[in-house]
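A closer look at the structure
Letter by letter, the chains look like this.
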Amino acid sequence: MTFLHPEFFYLMLPPVLVLFYFILTQKEPAAELFSGPVFERLRVNEKRLSLRQRNLIYLAVFILLIAAMSQPVITEATAVVRAPDEALTVAVDISASMQTEDVYPSRAAVAKAKLIALVAQAKRERIGVLAFGRDVYAVAPPTADKTALTELLDAFAPDTYAEKGTDIMALLAAANGVMSNPGRKNLLMLTDGGDGRDFSEAVAYARVQKLHLYILGIGTAEGGVLKQEGKPVMQGGEPIRTVLNPSLRSLAESTGGLYVEMTVGSRDVAALLSELRRHAEGGEAGTKEIRRYGQLYILPLGVALFLLLLANASMSRREHVAVPPVLLLGVLLLGAVGPLRAAPFDYELLESAKGFYEQGDYTRSARAFYRYGVHNDNDPAAMYDSAHALYRAGKYDAAAALWEHVHSKDRMLQFSTLHNLGNARAMLGGRENLEAAIKVYQKALYLQNDPQTRENMAIVRGRLMRLVQAERRRTTAAVTEAGEEHNASDAPSPANGAQNAPAQTETPEGEAARPSKASGEAKRAVMSDYEAAMWRQSLQRQSRTHLYKITPKRAGGGDHVVPW
């Protein structure tokens, strides 16, 4: 056994011993007036602990606490690792354009997830993290402790910054100061590139300082609406759209680096990491011995607490001691309790998600539930709540995609997921989505014979049947029109052709756009705009009955959910 911090013994034990020397050698005030035998007989209860005995116990408590602070350990395993010579510096964009939601759930959230995936794959590199927008911030210094770095990045919330502007030159200057090696300097950037198109100054600076930029483009070429605090940013009465900067590729390649656009999964991160390793310089700086310790501080700490309780209890000296059965039962129950895992921020995260939901901010509520689910091994109940908030926000496609990845052994949660997945597909409309909704409703009814689910399935079947009939009538009308045009060429006068009114055109879902040439029965077969609106409102109300109860952390896990 060894002590990792023996300095506590050197600094704290001598003054404690001196203090207790004076405490133990002083006499009680009453002992000055009487002789020893007389004073012992005058004690009120000589069967209890004396003052000297109590002070000795306090001395033992202090010594044990000092031993616990010195961190006693035993060596469980020893490993020899090779330490890399240079660190990998990663810069994450936190500008306002990273809040765009053209990728789910947002560019900032995707960049954070890609960074965590990079840390998981970089087994032998030391990684330092910078955040940049208009200014540059140090998030984490270069470290090989991937567990601590992952926990730090897990709590990092880039959506709370949203700085206006992206200053690439400020980033390059800061990164050059951080990377002290005189040779090749590799900088990995996770960014959408901002709005600038001329990077000639940045390229010139990078070449002089031997900076090589490896860029992971976050975003899409189609782009999305720029938002601030959940609302679109307007300019000239029109919302501002931001796209992935197409000049990022030339910026990376001009500095001798590599540009990669984001993909589903972690193939993009693996490609960048492989290229970085291929061009890394410096080799190995030597070996380092790492020991894994077993902590023993709990033993002196537990004994100290027991002695402290004994000193303050003032129990009398008994000849026969009877142990209560309740105490034995308590010891057995404590021994049966398994290890508990602390989650210090889970409750606050759930409370914030619930608060956003009650305030009607369903988008932020969905993000909070999703973060909680990811923190807790893709908790299916949290993922269900996230999808439900997306449904209430009107993002039926995203809600359906998330509900499809909810897997749980809870039969009620399975039923609720399938029921609402059917509702989301029905709200999206279209023949393909309506057919998918019917299949999902059938799976839900297999788990639970719910009348509301049956009613929804009947409505969707009726709508699908009307849609199919409308498509058939449209095809028939097209054939009829072709025949009438052929017969019109042989008509004796234009009066007969005037009786043929233009054919009705319909929306893709069979809803009439203008008066139809067909009979009144065909009109009634198509759902009107009012009926469709009322049916959608009915689906919204029905989904409320299947809202999964919001509670603190639940046990259980699920399959890995890829959020992009």
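Bear in mind that the values here come from a model prediction, so they are computed numbers and not experimental data.

**As for the packing of helix 13 (residues 362–375) against helix 14 (residues 380–392)**
- Contact geometry of helix 13 with helix 14 gives a least axis separation of 8 Å together with a crossing angle of 165 degrees. By the angle between their directions, the pair helix 13 and helix 14 is classed as roughly antiparallel. Crossing handedness for the pair helix 13 and helix 14: left-handed. Contact with helix 13, carried on its side by Tyr362, Ser365, Ala366, Phe369, Tyr370, Tyr372, Gly373 and Val374, involves Ala382, Met383, Asp385, Ser386, Ala389, Leu390 and Arg392 of helix 14 and no other residues of that element.

**Re the sheet that holds strand 5 (residues 136–143)**
- As summarised here, the arrangement of the six strands in space is 5-4-3-6-7-14, forming an open sheet in which the pairing is mixed. If you trace the sheet from one side to the other, it starts and ends with strand 5 and strand 14 (258–261), each paired once. Recorded for the sheet is a direction-independent mean angle of 15 degrees between the axes of neighbouring strands.
- In this sheet, strand 14 lies alongside strand 7 (residues 211–217) in parallel orientation, the contact comprising four bridges. The residue bridging tyrosine 214 from the neighbouring strand is leucine 258, located in strand 14.
- Sitting on the sheet, helix 6 (residues 168–178) touches strand 3 (87–93), strand 4 (126–132), strand 5, strand 6 (185–191) and strand 7, and the angle it makes with strand 6 is about 140 degrees.
- The sheet strands contacting helix 9 (residues 267–278) are strand 3, strand 6, strand 7 and strand 14, and the helix crosses strand 7 at an angle near 170 degrees.

**Concerning the packing of aromatic side chains**
- Scanning all chains against the criterion turns up eight aromatic pairs.
- Summarising the aromatic geometry, the rings of tyrosine 104 and tyrosine 370 are spaced 6.3 Å apart at their centres and angled 85 degrees between planes, so their arrangement reads as edge-to-face. Of this pair, tyrosine 104 sits in the loop between strand 3 and helix 4 (107–121) while tyrosine 370 is found in helix 13, placing the two residues 266 residues apart along the sequence.
- A centroid spacing of 5.2 Å and a plane angle of 70 degrees characterise the contact between tyrosine 357 and tyrosine 362, whose relative ring orientation is edge-to-face.
- Of the aromatic side chains, those joined through ring pairs into one cluster are Tyr384, Tyr391, Tyr396 and Trp403.

**Examining the side chain of asparagine 423**
- On the secondary structure map, asparagine 423 appears in helix 16 (residues 411–428).
- A polar contact of 2.5 Å, which involves the side chain of asparagine 423, links it to the side chain of tyrosine 441.

**What to know about the nonpolar core**
- Residues Val90, Leu115, Leu118, Val129, Leu188 and Leu216 are the most contacted members of the largest nonpolar core, which totals 28 residues.
- If you list the elements that add at least two residues to this core, you get strand 3, helix 4, strand 4, helix 5 (146–155), strand 6, strand 7 and helix 9.
- Sort the elements by how many residues they give to this core and helix 4 lands first, with six residues.
- Leucine 115 has contacts with Val90, Val92, Val129, Leu153 and Leu190, leaving out every residue within four places of it along the chain.
- Within the second largest apolar cluster, 26 residues are counted, among which are Ala389, Tyr391, Trp403 and Leu447.

**Looking at the pattern of salt bridges**
- With the rule as written, the count across this model stands at eleven salt bridges.
- A salt bridge links glutamate 101 to arginine 367, with the shortest nitrogen-to-oxygen separation between them at 2.4 Å. With glutamate 101 in the loop between strand 3 and helix 4 and arginine 367 in helix 13, this residue pair connects regions lying 266 residues apart in the sequence.
- Residue classification places glutamate 101 among the partly exposed residues on the basis of a relative accessible area of 26%.
- Overlapping salt bridges, with partners in common, bring together Glu101, Arg367 and Lys395 in one network.

**Remarks on empty space enclosed by the protein**
- Throughout the structure, instances matching the rule amount to three cavities of 30 Å³ or more.
- Roughly 50 Å³ of volume is contained in the second largest cavity.
- Secondary structure elements with two or more residues in the lining of the second largest cavity: helix 4, strand 6 and helix 9.
- If you tally residues by element for the lining of the second largest cavity, the top one is helix 4, at three residues.
- Tallied by class, residues from the lining of the second largest cavity come to seven nonpolar, no polar and one charged.

Conventions and cut-offs
- Residues numbered from 1 in each chain as written.
- Predicted model: local features only at pLDDT ≥ 70, side-chain atom pairs only at ≥ 80, totals over all residues.
- Heavy atoms only, no water.
- Axes fitted to C-alpha atoms, helices over the stretch in contact; angles between N-to-C directions.
- Helix = DSSP H or I, 4+ residues; strand = E, 2+ residues; numbered from the N terminus.
- Parallel < 35°, antiparallel > 145°, perpendicular 65-115°, else oblique.
- Left-handed = near helix turned anticlockwise from the far one by under 90°.
- Contact = heavy atoms within 4.5 Å.
- Pairing = 2+ DSSP bridges.
- Phe/Tyr/Trp six-rings, centres within 6.5 Å; stacked < 30°, edge-to-face > 60°.
- Polar contact = N/O pair within 3.5 Å; in protein donor to acceptor, adjacent residues only side chain to side chain.
- Core = buried A, V, L, I, M, F, W, Y, C linked by side-chain atoms within 4.5 Å.
- Buried < 20%, exposed > 50% of the residue type's maximum accessible area, 1.4 Å probe, protein only.
- Salt bridge = Lys/Arg side-chain N within 4 Å of Asp/Glu carboxyl O.
- 1 Å grid on protein atoms, 1.4 Å probe; cavity = no way out; pocket = protein on both sides within 12 Å on 5 of 7 lines; lining within 4 Å.
- Points joined across faces, edges and corners; volume = space filled by probe spheres on them.
- Nonpolar A, V, L, I, M, F, W, Y, C, P; charged D, E, K, R; others polar.

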